[in-house]
Structure formats: C-alpha cells, structure tokens
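This is what each chain is made of:
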Amino acid sequence: MRKYLLKRVFYMLLTLFLVATITFFLMKLMPGTPYSNQEKMTPQQIKIMNEQYGLNKPVWLQYLIYLGGMLHGDLGTSFQYSNQPVSYLISSRIGASAQLGLQAMIFGVLVGIIIGSFAAINRNTWIDTLCTVLSIIGKSVPNFVLAVLLQFYIALKLGWFPIADWGGFSYTVLPTIALGVGPLAETARFIRTGMVDVLSSDYIELARAKGLTKFGIVYHHALRNSLIPLVTLIGPYTVALMTGSMVIENIFSIPGIGEQFVKSITTNDYPTIMGVTMLFSAGLVVVILLTDIVYGIIDPRIRLSGNGD
Amino acid sequence: MEEKIKLSPDSFEALPKAEELDNEKIAAPSLTFVQDAWRRLKMNKGAFISLWIIVLMIVVAFGSSFFIDHASLVKSAPNYANLPAKIPGVPINGFNGKLKVSGEWVDEYKQNNIPSGKYFVLGTDYLGRSLAERIIYGTKVSLIVALVATFFDLTIGVAYGIISGWKGGRVDNVMQRIIEIISSVPSLVIVVLMLLVLKPGMTSIIAAIAISSWTTMARMIRAETLQLKSQEYVLAARSLGESAPKIAWKHLVPNLSSIIIIQTMYTIPTAIFFEAFLSFIGIGISAPETSLGVLLNDGQKNFQFLPYQMWYPAIVLCVLMIAFNLLGDGLRDAFDPKTRR
C-alpha cells in the first residue's frame with residue numbers, strides 16, 4: 001500500500017511539473033502582448049515595464065524563476081490588475097467557487113441517488129421511465145442553457161431568488177442547481193443500473209425473506225452496495241464542475257475562479273491563466289488520488305488489482 | 001356403451017415427406033452480428049427515432065451548403081432586424097410574425113413595414129439575418145466538430161489502444177503513463193491553452209479536441225486488446241506467421257468494433273457540448289462566423305425581450321445532444337445485450 005501510494009504521489013508531482021512546463025512555454029508562444037496600448041508607449045516605457053515584470057530576462061531564467069516561485073506559492077503578478085499577486089487574486093476568489101462546487105456536488109449526488117434508487121425500486125413502471133427521461137434530458141441540456149432559463153424564469157419572472165451576484169445562501173441556489181444537474185443525471189443513471197443489479201441478488205432475497213421492510217432493504221443493503229462505485233465518478237464530476245463554473249459564474253456574475261479565468265483569457269493576462277491552470281490541474285490530480293485511496297479503503301477487493309498495475 | 005369410431009382410410013395416409021422434416025427445423029434464419037445488433041436497435045424506439053433525427057440533421061446541415069453561402073450568412077440587413085418567426089398560413093401566435101411586447105401580441109412585420117411577401121421561418125437576429133439559416137449553419141459546425149472528434153477517436157484512440165495493449169510490458173507502461181498525464185489535466189485547460197496559442201476559431205477547437213478527446217477510447221481499447229490477445233484465434237494467427245498489423249486489422253478491430261462504436265457515440269455529444277460551450281463564453285468560434293454556441297450567446301443577451309432568439313438554437317442543440325445520447329445508449333444495448341436492464 002505504501003509503495004503504491006508513493007508511486008502515485010510521484011506521478012502526481014510529475015504531472016503537475018509537466019503541466020507547469022507546458023503552460024509556461026505555451027504562454028511564451030502566445031501572440032499579442034500584455035500591454036494593451038503598446039503602440040502609444042515609448043521604447044523606454046516598454047523597457048521599464050519589461051524589467052518590472054521580469055520579461056527582459058532570458059526565457060529559461062524566467063522559467064526557473066516561475067518554477068521556484070511556484071514552490072512557495074508565488075504565482076507571479078497579474079498583468080491586468082496592477083501589482084496584484086495572482087495567488088491573492090485566486091485566494092480571494094476561491095471561496096465562492098469552492099462553496100458553489102461543493103454545493104453542486106452534494107446536491108447532484110444526493111438528489112441523483114434518490115432519483116436513481118426510486119427508479120430502480122419501481123423498475124419498468126412509469127416512474128422508472130420518467131426518471132430515465134429526466135436523466136437523459138439532464139445529461140443533454142447544456143448547463144449554460146439551463147442557467148439562462150433558470151435565471152430568467154425563476155429569478156426574473158417569479159422572483160423567487162436573486163437574479164445574479166453573490167451574497168447569502170439564496171444567491172447560491174440557482175447556480176447550484178444549474179451546475180449540479182449534470183452530476184445529478186449521471187448519478188441517477190449510475191445508481192439505477194447498480195441498484196437493479198443488486199436488487200436481483202441473493203442476499204436481497206434473503207433480506208426480504210427475513211421480513212425486513214422495503215425501506216430497510218433498500219437503505220441498508222441495496223443502496224450501500226451500489227454506492228461504492230460512485231466514488232470513481234467524483235473525478236469526472238470535479239472536471240465537469242470546474243468547466244461549468246467558468247460559464248455559470250459568468251452568467252450569475254459570481255466572483256469566482258471560473259469567471260476570473262474567462263476574464264484573464266480574453267485580456268491576455270498570462271500569469272493569471274497559468275495560475276488558474278495550475279490550480280485546476282492540481283485540484284483534479286489531488287481529487288483523483290484521494291478517490292483512488294478512498295475506493296481502496298471502502299472496497300478492499302480493489303486494492304489488490306490496484307497494486308498489480 | 002360402445003361407440004364406433006369411424007375411421008376413413010385416408011386418415012392413415014402418410015404425410016408429405018418435406019413437411020415432416022420441417023417440423024424439426026427452427027425457423028429463424030441465422031443472423032450475423034451486425035444484423036442482430038440492427039434488429040435490437042430497431043426495437044429500441046427512442047434510439048431508432050434518434051437515428052433518423054440525426055440522419056435528417058446531417059442531410060439538412062450538409063445539404064444546405066448548396067443554398068446557404070457564407071457571404072449571405074454574414075451580410076446584415078438592418079431593416080429586417082429582430083423580426084419574430086413568421087410562417088404563412090400558420091395562425092399561431094409566435095409563428096405569425098407577432099411578438100409579445102409588454103403583454104400584448106404585436107405584428108412586428110406590419111410595424112416595420114416589411115413587404116408582404118417577405119417572411120422568415122424562424123425570425124431574424126439583431127442584424128436582420130435569417131435565424132433559420134444561421135441555425136442550420138451552426139448545426140453544420142457542430143456536426144463537423146463531432147466528425148473531427150470521431151475521426152481522432154477512431155485513428156489515434158484505437159491505434160494507441162491496440163499498440164499499447166498488444167505490445168504490453170514497458171511500452172504499455174510508458175504509454176499508459178502518458179495517457180494518465182493527459183487525462184489528469186482537465187480537458188478544458190488543454191482547450192483553453194490551444195485556443196490561446198492558435199487563433200480562436202474552428203482550427204484551434206479541432207486541435208484541442210484532437211489532443212484531449214481520444215484518451216478514454218485508447219484506455220477502453222487497450223483493456224479489451226489485453227483480453228483478446230490471449231484468445232486462441234489470435235494465437236493461431238500468430239503461429240501461422242501473420243504480421244502484427246494484419247492481426248490487428250483482421251482480428252482485433254472487428255472484435256473491438258462494438259466498443260469502438262459505443263465509445264464514439266459518447267465522444268460526439270461531449271465534443272458538440274465543448275464547441276457550444278467555448279463559443280458561448282466567447283473563446284471559441286466568434287462573429288462573423290457562427291455556431292450554435294455563438295447563436296445562444298447572442299440570443300441570451302436579448303432573452304428578456306426576444307426569447308425566440310435563444311429558444312430556437314437551444315432547442316436544436318438539446319435535440320442534437322439528446323439524439324446522440326439516446327442513440328449511444330441504444331447502440332450499447334444493441335451491441336452488448338448483457339448490459340441491458
């Protein structure tokens with residue numbers, strides 16, 4: 001187990017190093033300059049600016065400085081917001097994104113589990129069909145379309161929730177729903193398939209023969225066993241939530257990482273792009289590692305095959 | 001109680017010989033793998049309808065190339081700006097040129113003095129361009145992106161998976177590590193980086209998809225190849241001296257075909273979503289070019305007053321996604337009946 005863990009952590013660091021390197025050199029290849037009004041600047045000014053941002057040093061030195069800085073959490077200075085360190089930009093915005101992401105994950109998985117098991121218990125009835133149709137629609141309707149519709153019909157027309165901005169809990173409801181529907185649909189499908197399998201197995205038959213209530217069977221036996229593989233989906237969900245946050249935060253004008261990312265892409269703010277890229281990659285790599293470990297712990301059958309890999 | 005049973009002589013006549021043989025025969029003709037899958041797919045109504053919807057969309061989108069040229073698509077006509085849908089002979093509000101303005105249906109065509117013969121089936125956008133034409137063009141863009149993603153899935157993904165699984169050992173190890181690294185970077189980040197280096201537009205979206213879309217396919221193909229490798233027919237082919245590429249082409253690919261088809265059907269909606277997503281946030285395809293994402297973004301700005309401008313592209317995009325998802329599920333059930341529940 002320990003050897004496996006060390007190996008995984010090593011690959012994780014290698015991945016992050018490669019991402020950092022590739023991002024850095026791609027940024028150097030990018031067309032355009034960080035100065036929005038370069039034509040108006042004198043060569044003197046450009047020189048001073050370059051010196052200030054360390055752009056006059058040779059590329060390899062810039063690269064080493066960048067890597068060295070990253071080791072102690074320094075991601076450089078934003079080009080767009082004068083003299084704001086990227087790490088500050090990120091840390092001041094990560095709260096909103098993390099809250100939204102977590103809420104969406106919890107909402108999606110919980111409701112997905114309920115809908116999925118409901119469909120499995122009532123298999124081949126209209127309830128099942130309804131749940132299947134709902135999950136196909138949830139999977140197919142892009143979250144940004146859903147977000148605009150929710151914003152217009154629920155926030156603007158009905159006035160149940162604030163239209164945009166970031167404040168108390170009520171501000172998070174609509175973005176959470178829009179962001180969580182993807183994971184919800186996926187979880188519902190997944191749980192239904194797993195549950196149908198489990199419900200036809202011998203130990204459920206035994207539980208029924210023992211005289212357990214329907215709820216007891218589903219809750220204590222069927223659900224727990226079909227929940228385990230769900231852990232493997234947390235990685236893909238994280239990706240979906242990161243992707244989704246870019247557009248959902250934009251639509252609801254939430255001051256989060258995703259909104260910042262889009263903004264920095266459109267304004268050529270290289271250090272911020274690199275910082276957020278690293279953050280997203282690191283987040284995903286850590287989540288994948290954690291889910292693999294958790295999976296090994298809750299389902300000991302997996303650990304052996306994991307070791308052999 | 002004696003009752004005479006009357007038996008006529010012809011009761012004892014022998015049956016014709018051929019019929020006797022037929023009794024033992026099981027009637028259905030044997031089906032090939034593909035025929036069998038096709039039969040099962042036809043039984044799945046949702047998937048079958050989806051298949052026809054997709055075929056229809058492909059025909060309309062690519063057939064439109066002859067009628068909708070790029071110049072007319074880009075040309076603006078301000079007199080016709082923001083007209084709602086009007087289909088002659090359809091007296092339903094919303095399709096007769098009327099638009100709900102502060103609670104009342106107003107005939108926009110009359111108000112803007114549009115010549116009576118002129119109409120737009122799905123209305124116009126803010127520059128007076130036909131929304132129907134733009135949606136069809138946008139669908140074409142989505143389908144092209146889907147095609148490209150499929151192409152890379154089929155070439156890089158399948159080849160990579162087969163080589164990795166077939167070679168095994170160290171080669172496999174290195175190749176798997178590469179996949180692991182690629183797939184632990186969010187594909188969105190790859191896409192964004194490609195968009196930054198190349199110019200935003202079709203090429204960079206395609207390049208980004210080329211890099212990130214094939215890893216799942218490669219993984220599944222590798223896992224299956226590892227199993228197929230130890231099958232007897234592969235061993236037989238090997239011992240007869242068949243070359244590796246020929247074994248891959250003649251024995252592995254046909255046996256992998258169901259996985260390939262199913263996985264492709266899951267790549268396509270992802271690719272379509274990605275294109276729409278990128279264009280929607282303004283870093284994919286941008287004006288004057290158009291795609292469903294661009295149309296959604298344009299429509300979203302005026303959604304409060306001109307809801308049709310967002311609804312129509314949204315409906316087309318959703319139908320496209322639902323159709324591909326349903327067809328994907330249908331194909332999975334058809335090719336692999338064991339998973340069917």
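Every chain is numbered on its own, with residues counted from 1 as its sequence reads. Chain letters start at A and ligand numbers start at 1, both assigned in the order the entries are written. For a predicted model such as this one, the threshold for reporting local features is a pLDDT of at least 70, and the threshold for listing and counting side-chain atom pairs is 80 or more; totals across whole chains, interfaces and linings nevertheless cover every residue. To get the side-chain values, take all heavy atoms of the structure and skip hydrogens and water.

### Quick word on the overall build of chain A
Across its full length, chain A carries 13 helices and zero strands. Counting from the N terminus, the helices are DSSP H or I runs at least four residues long and the strands are E runs at least two residues long. Overall, chain A shows an N-to-C arrangement of helices and strands of α-α-α-α-α-α-α-α-α-α-α-α-α. Dimensions along the principal axes, computed over C-alpha positions, put chain A at roughly 85 × 60 × 30 Å. In chain A, the share of contacts with a sequence separation of at least 24, taken over all contacts with a separation of at least 6, comes to 72%. Note that accessible areas follow from Shrake-Rupley with a 1.4 Å probe, and for residues the cover is restricted to the protein chains shown. In the structure as shown, chain A presents an accessible area of about 15,600 Å², 67% of it carried by carbon and sulfur atoms. Charge counting follows a simple rule: Lys and Arg are positive, Asp and Glu are negative, and His as well as the terminal groups are ignored. Here the site of a charge means NZ on Lys, CZ on Arg, CG on Asp, or CD on Glu. Taking the average location of the 21 positive side-chain charges in chain A and that of its 15 negative ones, the two points are 4 Å from each other. Contacts between residues were defined by any pair of non-hydrogen atoms, one from each residue, lying within 4.5 Å.

### Focus on the overall build of chain B
The secondary structure content of chain B amounts to 14 helices and two strands. Accessible area is worked out with a 1.4 Å probe on protein chains only. A residue is then buried under 20% of its type maximum, exposed over 50%, and partly exposed in between. Sorting the 341 residues of chain B into buried and exposed places 45% on the buried side. Restricting to contacts in chain B with at least 6 residues of sequence separation, those with at least 24 account for 73%. As displayed, chain B offers around 18,400 Å² of accessible surface, 63% of which is attributable to carbon and sulfur atoms.

### Here's the deal with the nonpolar core
Remark: nonpolar core denotes a set of buried residues (Ala, Val, Leu, Ile, Met, Phe, Trp, Tyr, Cys) joined through side-chain atoms within 4.5 Å. Core analysis: the biggest nonpolar cluster contains 137 residues, and F144 of chain A together with F277 of chain B have the highest contact counts within it. Per-element accounting of this core gives the leading share, 15 residues, to helix α14 (residues 308-335) of chain B. Domain borders in the structure are assigned automatically or taken from a domain database. Split by domain, the residues of this core number at least three in each of domain 1 (2-71) and domain 2 (86-267) of chain A. Not counting chain neighbours up to four residues away, the residues in contact with F277 of chain B comprise F144, T243, M246 and V247 of chain A together with L188 of chain B. Counting 14 residues, the second-largest nonpolar core is a separate cluster that includes I162, I221, V234 and A237 of chain B.

### Things to note about a nonpolar patch on the surface
A contiguous nonpolar surface patch, about 310 Å² in accessible area, is contributed by L102, I106 and L110 of chain A. Among the structural elements, I106 of chain A can be located in helix α4 (residues 86-121). Like charges are joined within 9 Å and nonpolar side chains (Val, Leu, Ile, Met, Phe, Trp, Tyr) within 5 Å, but only among residues with over 30% relative accessible area and no salt bridge; these make up the patches. A pair is scored as a salt bridge if a Lys or Arg side-chain nitrogen falls within 4 Å of a carboxyl oxygen belonging to Asp or Glu.

### A short note on the packing of aromatic side chains
Two aromatic rings, taken as a pair, are described by how far apart their centres are and by the angle between their planes. In this analysis, rings of Phe, Tyr and Trp, with Trp reduced to its six-membered ring, are considered paired at centre separations within 6.5 Å, and the interplanar angle assigns stacked below 30 degrees, edge-to-face beyond 60, and tilted for intermediate values. Enumeration according to the criterion identifies 17 aromatic pairs over all chains in this entry. Between Y160 of chain B and W214 of chain B, the aromatic rings sit 4.9 Å apart at their centres with planes inclined by 50°, giving tilted as the arrangement. Linking Y160 of chain B in helix α6 (residues 131-167) with W214 of chain B in the loop between α9 (202-212) and α10 (215-229), this pair joins segments that are 54 residues apart in sequence. This pair shows no difference in class: Y160 of chain B is buried, exactly as W214 of chain B is. Every member of this aromatic cluster is reached through a ring pair, and the members are F144 of chain A together with F273, F274, F277 and F280 of chain B.

### Here's the deal with the domain arrangement of chain A
If you check the domain split of chain A, you get domain 1 (2-71) and domain 2 (86-267). In this structure, domain 1 of chain A and domain 2 of chain A have C-alpha centres spaced 36 Å apart.

### Quick look at the interface of chain B and chain A
Note on interface size: it is often stated as the accessible area lost on association of the parts. Opposite the 36 residues of chain B that make contact, chain A presents 49 residues. On inspection of chain B and its partner chain A, the count reaches one salt bridge. Put simply, R189 of chain A and D329 of chain B hold a salt bridge, and the shortest N to O gap is 3.0 Å. For the side of chain B that touches chain A, the secondary-structure elements that each account for two or more residues are α7 (169-183), α8 (187-197), α12 (244-280), α13 (292-301) and α14 of chain B. Among the elements that take part in the side of chain B that touches chain A, α14 of chain B stands out by supplying 11 residues, more than any other. Residue composition of the side of chain B that touches chain A, by class: 27 nonpolar, five polar and four charged. Note on residue categories: nonpolar means Ala, Val, Leu, Ile, Met, Phe, Trp, Tyr, Cys or Pro, charged means Asp, Glu, Lys or Arg, and polar means any other residue, Gly included.

### So, the pattern of salt bridges
This model, assessed by the stated rule, comprises 11 salt bridges over all chains. Ionic pairing is found between D36 of chain B and R40 of chain B, a salt bridge with its closest N-O pair at 3.2 Å. Pair noted here: D36 of chain B and R40 of chain B are both in helix α2 (residues 33-43), with a separation of four residues, about one helical turn. Put simply, R93, E259 and K263 of chain A are held in one network by salt bridges that share partners.

### Describing helix α9 (residues 214-227) of chain A
Within the span of α9 of chain A, buried status applies to G216, I217, V218, A222, L223 and S226 of chain A. Among the structural elements, α4, α7 (173-199) and α8 (202-210) of chain A are those in contact with the buried residues of α9 of chain A.

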